[in-house]
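Chains, contacts and geometry: an overview
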Amino acid sequence: PMSDTLACLPDADFDALAAGRAAEAELSRLRGLVQAVLDDPDDGVSHEDVWSRLEERMRRAVDRAA
C-alpha cells in the first residue's frame, strides 16, 4: 500500500532530495517505488494522493533544512 511505500523512505532521504544531494541511484529507487504504487491497480490509490503525500514529505524536509 501507499502508506507502506512512503513509510519505507526515511526522512534523511527526503532531506537529501530537498537539498539536491540525493544520488542518482536513490532518485531511481524513489521513482521506482512511486511508479510501482501508481501502476498497482489493486492498491486503489489515486495519483493525486501519491503526489500530495510526497509533496507533504518534501515540505517537511525543506522545513527541517531551514
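About the criteria used
- Residues take numbers from 1 onward in each chain, read along the sequence in its written order.
- Local features in a predicted model are, by the rule used here, given only for residues with pLDDT of at least 70; side-chain atom pairs are given and counted only at 80 or more, and totals for whole chains, interfaces and linings are based on all residues.
- Computation of side-chain values: all heavy atoms of the structure, hydrogens and water removed.
- By nonpolar core we mean a set of buried residues, namely Ala, Val, Leu, Ile, Met, Phe, Trp, Tyr and Cys, connected to one another through side-chain atoms within 4.5 Å.
- Only protein chains enter the calculation, and the probe is 1.4 Å; a residue is then buried if its accessible area is under 20% of its type maximum, exposed if over 50%, and partly exposed in between.
- The numbering of helices and of strands both runs from the N terminus, where a helix is a DSSP run of H or I of at least 4 residues and a strand a run of E of at least 2.
- Note on contacts: a residue pair qualifies if any of its non-hydrogen atoms lie within 4.5 Å across the two residues.
- Directions drawn from the helix axis to the C-beta atoms are what define this arc.
- Angles here are taken between N-to-C directions and fall from 0 to 180 degrees, while the axes themselves are lines fitted to C-alpha atoms, restricted in helices to the stretch in contact.
- Angle categories are assigned with fixed cut-offs, so that under 35 degrees is roughly parallel, over 145 is roughly antiparallel, 65 to 115 is roughly perpendicular, and the rest are oblique.
- The nonpolar class holds Ala, Val, Leu, Ile, Met, Phe, Trp, Tyr, Cys and Pro. Asp, Glu, Lys and Arg form the charged class, and all remaining residues, Gly among them, are polar.
- What counts as a salt bridge is simple: a side-chain nitrogen of Lys or Arg found within 4 Å of a carboxyl oxygen of Asp or Glu.
- Crossing chirality is assigned from the near helix's rotation relative to the far helix, an anticlockwise turn below a right angle marking it left-handed and a clockwise turn marking it right-handed.

1. Digging into the nonpolar core
Generally speaking, a soluble globular protein has its nonpolar side chains buried in company with each other. Among the nonpolar cores identified, the biggest contains 11 residues, and these are F14, A16, L17, A22, L30, V34, V37, L38, V50, L54 and A61. Mapped by element, the contributors of at least two residues to this core are α2 (11-19), α3 (24-39) and α4 (47-65). Those residues in contact with A61 that lie beyond four places of it in its chain are F14, D15 and A18.

2. Regarding α2
The set of residues buried in α2 consists of D13, F14, A16 and L17. Around the axis of α2, the buried residues are gathered within 160° of arc, so they sit on the same side. Positioned one or two residues after α2, G20 has a phi angle of 75°, which is positive.

3. Quick look at the environment of A18
Mapped onto the elements, A18 comes out in helix α2. A18 sits in the partly exposed class, given a relative accessible area of 31%. Along the chain, A18 and R64 lie 46 residues apart, while their C-alpha atoms are 9.8 Å from each other. Beyond its immediate stretch of four places on either side in the chain, A18 contacts M58, A61 and V62.

4. Brief notes about the packing of α2 against α4
One can describe the packing of α2 onto α4 by two numbers: an axis separation of 8 Å at closest approach and a directional angle of 75°. It follows that α2 is roughly perpendicular to α4 by the angle criterion. Residues D11, F14, D15, L17 and A18 of α2 touch α4, and the partners they reach there are L54, R57, M58, A61, V62 and R64. Partitioned by chemical class, the residues of the contact of α2 with α4 number 7 nonpolar, no polar and 4 charged.

5. A short note on the pattern of salt bridges
Enumeration over the complete set of coordinates arrives at 2 salt bridges. For the salt bridge of R60 with E56, the shortest nitrogen-to-oxygen distance reads 2.8 Å. Of this pair, R60 and E56 both sit in helix α4, separated by 4 residues, roughly a single helical turn.

6. With respect to the packing of α3 against α4
The contact between α3 and α4 brings their axes to 10 Å, and the two run at 150°. Relative to α4, α3 is oriented roughly antiparallel. Crossing of α3 against α4: the hand is right-handed. The segment α3 lies against α4, with L30, V34, V37 and L38 engaging H47, V50, W51 and L54. Of the residues belonging to the contact of α3 with α4, the class tally is 7 nonpolar, 1 polar and no charged.

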